[in-house]
Structure formats: C-alpha cells, structure tokens
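The chain contents come next:
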Amino acid sequence: MKLLEECKQAKRIGISGHIRPDGDCIGSCMGLYLFLKKVRPDADIHIFLEKPADIFSCIRGVEEIDSDYGKQEKFDVFFCLDTASDRLGQAEEYFCTADKKINIDHHVSNSGCGDVNYVIPEASSTSELIYNLIDGEQLDEEIAKALYIGIIHDTGVFQYSNTAPETLRAAAHLISFGFDFSRLIEETFYEKTYLQTQILGRALLESIRFMDGKCVVSVLDKKTMDFYEATSQDLEGIVSQLRSIKGVECAIFMYETGVLEYKVSLRSGGRINVSKIASYFGGGGHVRAAGCTMNGTSHDVINNLSLHIEKQFIEEQDT
Ligand code: 5GP
Ligand code: MN
Ligand code: MN
C-alpha cells in the first residue's frame, strides 16, 4: 500500500482509532496525523479519539485531537487505525460515510472493513505499520516519538513475543532522532499514580487461581472503582501483572461497566489462544492479548470463559 498515493487528491482527511485508546492507538494515530500535516499542508486533516490519558501529553499536537465528535462534513479519506470499524465509537459514522476508507491494523481478528486494508497480524503494533508506510525522508523527532510510544506500549517495552527483529530495527531508527527514550518509557509506561498502584494492589490481593493455578481471575466491581474514582485508564497493566504469576497460562481481569456487564481482558502465556475466546464472545485481539465485553454476573462470565479455556487445554492434550 502507498500511503500518499491513496490520499493524493483528498482535501478532507480524517483519522481515528479504537475506543478507550491505548498507547499504540494514540501513537499510530498521532504519528500518521503529524506526518500527513507535514506532507499535505494543503489538506484539511482531522483526528478523533476519546480523550487520551495525561501521560500522552508529551506527544506533539495531542491537544488537537477532537474528542467532541461534532457534526462533520463528509471526508474524502478516512483512516481507521489499530481496530476494525466496529470499535471506532463515535467516529464510525465518519468512517462509514467517507469516500475512501483505509484500515490499518495488526489485530488477527480484523477481517478488513476498509476499501483499502493493510492488516498485518505479524506486526508488533499499528505504530510499526505506520513507520513502515511513511516515507523515511519525512520522519522527524516528533513523529518518531509518537510511533516509538506506540511500539513500546504494544510490546511491553520489547518484552512480548510480538517483538520481531524488524520491530527493534524500527525502534533503533526512531531513537536515532534523539528524543529522551528512557524518560519516555519511564513516564508513559512504568510510572503509575498512587491511585493506580492501590487499585493494582487490590486487584492482585483479591485474585483467585483456578485450574490448578493455570488460570487466575480478578474482578473489580463498580463500587470499588467509584471508591477510588478510577477510570478504565487506571486499570491498564493489571492483567499483565496477573499473567506474570508463576504457573499462570491464562489471566483474566474484568471490571464492571454496567448492570450485569463486564469489560474483560485476557492474557495468555502462549498455550491458550485468547483471541479465539474473545472473538467467540464478540470481542477480539491477538493470540496472547485480547478482550471483550460480556453480560451476566461475574460468576456467569468466569464460568463461560473457563469452559472455553478448558476446551483449549483438552484440545491441546489430544493433539
Ligand atoms: P486490553 O485487554 O488491553 O483492553 O486489550 C487487549 C487487546 O485486545 C487489544 O489489542 C485490544 O485492541 C483488543 N480488545 C480488547 N477489547 C476488545 C473488544 O471488546 N473487541 C475487540 N475486537 N478487541 C478488543
Ligand atoms: Mn490498541
Ligand atoms: Mn495495537
């Protein structure tokens, strides 16, 4: 795919990513936004995302993100990044009515919702894909910083198995632009507020292991979230911490989002394909990291998930 060719004639260009945007979503959208603004100064370029967490305020232009989703004229080209269009939230309408829809993603569950689809499940992150698509000559420190943030967030600072030699080569090139990458990693990935640390502690303390310690689950109810005045952004990282418990193959973290409704995050050590399970329940993601929204009591949700996890363990034994 030739990024600039695809939007050569476009006067109005829109960009958006998934609801509850994470580091890769924000990094890839901002990287693309900064790049397009630079190479297409004549175009009217808009970026829409739910309000990013404060840690991302170090990215140039982040304050230009439109989180109001007001009435918009039709877009000539609209980019859907790091997701299929069903998780664009309020930007879905802009995407669906655009003359040309471009979908760039690395989720294995993305079956292609654009007129142009660039979906590479082997890629570490959508930010790495944007890095590959943009003209290297036009890269600058600010674009590099945005894309680097995206890559470190989706690879857990190059820890997860989605990190490939190309990922590290891209990262090596990006840090050559001279931004303080060490500080960036500390401030956007590892640093937690006191409140986030308290909730993490609580979630770990109340976690329960089952299936002989191969699975672990932790549930956060609305009452507890309200007590800490926590938002979904404060819960990032909890499921990875659960997954790192010795012996755990599959970690489940879920929090109450409404009456009998839970947002579920799944992580696998490699034996279980959690994307398959999340997709079954209407969500999606990657083989080792996926999510979905499920209805019922927390016990119903855990029971339903357990059945699918157990099924995969049995299938594994049979093969
Ligand atoms: P997390 O557990 O961090 O929210 O998400 C893990 C991965 O699964 C991410 O790549 C995310 O985009 C994907 N994911 C999480 N929730 C959903 C969902 O409800 N639907 C889909 N399609 N993907 C999800
Ligand atoms: Mn994402
Ligand atoms: Mn991603």
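What you are looking at is a predicted structure, and each value in this text was computed from that prediction instead of being measured.

Conventions used here
Residues numbered from 1 in each chain as written. Chains lettered and ligands numbered in written order. Predicted model: local features only at pLDDT ≥ 70, side-chain atom pairs only at ≥ 80, totals over all residues. Heavy atoms only, no water. Near = heavy atom within 4 Å. Polar contact = N/O pair within 3.5 Å; in protein donor to acceptor, adjacent residues only side chain to side chain. Areas by Shrake-Rupley, 256 points an atom, 1.4 Å probe, with all protein chains shown as cover. Helix = DSSP H or I, 4+ residues; strand = E, 2+ residues; numbered from the N terminus. Nonpolar A, V, L, I, M, F, W, Y, C, P; charged D, E, K, R; others polar. UniProt positions renumbered as here; feature names shortened; annotations may be inferred. Domains from an automatic or database assignment. Buried area = accessible area lost by both parts, 1.4 Å probe. Salt bridge = Lys/Arg side-chain N within 4 Å of Asp/Glu carboxyl O. Pairing = 2+ DSSP bridges. Axes fitted to C-alpha atoms, helices over the stretch in contact; angles between N-to-C directions. Contact = heavy atoms within 4.5 Å.

**Considering the site of ligand 1**
Taken together, 13 residues are adjacent to ligand 1, and Arg 87, His 107, Lys 263, Ser 265 and Arg 267 come closest. In the environment of ligand 1, an oxygen atom lies 2.6 Å from a nitrogen or oxygen atom belonging to the side chain of His 107. Between Lys 263 and ligand 1, the recorded distance is 2.8 Å, taken from a side-chain N or O atom to a nitrogen atom. In isolation ligand 1 offers 490 Å² of accessible surface; the protein chains occlude 80% of this area. Going through the elements one at a time, strand E9 (261–268), strand E10 (284–285) and strand E11 (289–295) are the ones with two or more residues in the shell around ligand 1. In terms of residues, the shell around ligand 1 owes the most to one element, E11, which gives four residues. Taken together, the residues of the shell around ligand 1 break down into three nonpolar, seven polar and three charged.

**Brief notes about the UniProt feature "domain: DDH" (unreviewed entry) in the protein**
UniProt records the feature "domain: DDH" (unreviewed entry) at residues 12–151, using the numbering of this structure. Here residues 12–151 runs as 30% helix and 19% strand, with 28 Å between its end C-alpha atoms.

**So, the domain arrangement of the protein**
In terms of domains, the protein is made up of domain 1 (3–190) and domain 2 (194–318). The straight-line distance from the C-alpha centre of domain 1 to that of domain 2 is 27 Å. For the pairing of domain 1 and domain 2, the buried interface totals around 860 Å² over both sides, and the portion due to carbon and sulfur atoms is 45%. Looking at the side of domain 1 facing domain 2, the largest losses of area belong to Arg 20, Val 108 and Ser 109, adding up to 44% of the total buried there. Between domain 1 and domain 2 we count zero salt bridges in total. The interface formed by domain 1 and domain 2 contains four residue pairs in polar contact (both at pLDDT 80 or more). Taken together, the residues of the side of domain 1 that touches domain 2 sort by class into four nonpolar, four polar and three charged.

**Overview of the sheet that holds strand E3 (residues 77–81)**
The strand order across the open sheet built from five strands is E2-E1-E3-E4-E5, with neighbouring strands paired in parallel fashion. Two strands close off the open sheet at either side, each with one partner strand: strand E2 (44–48) and strand E5 (116–119). Direction aside, neighbouring strands of the sheet carry axes that sit 15° apart on average. Against the sheet, helix H2 (residues 23–39) makes contact with strand E1 (12–17), E2 and E3, and its axis sits at roughly 165° relative to E1, the strand it touches most. Contacting E3, strand E4 (100–105) and E5, helix H4 (residues 126–133) runs over the sheet at an angle of about 115° to E4.

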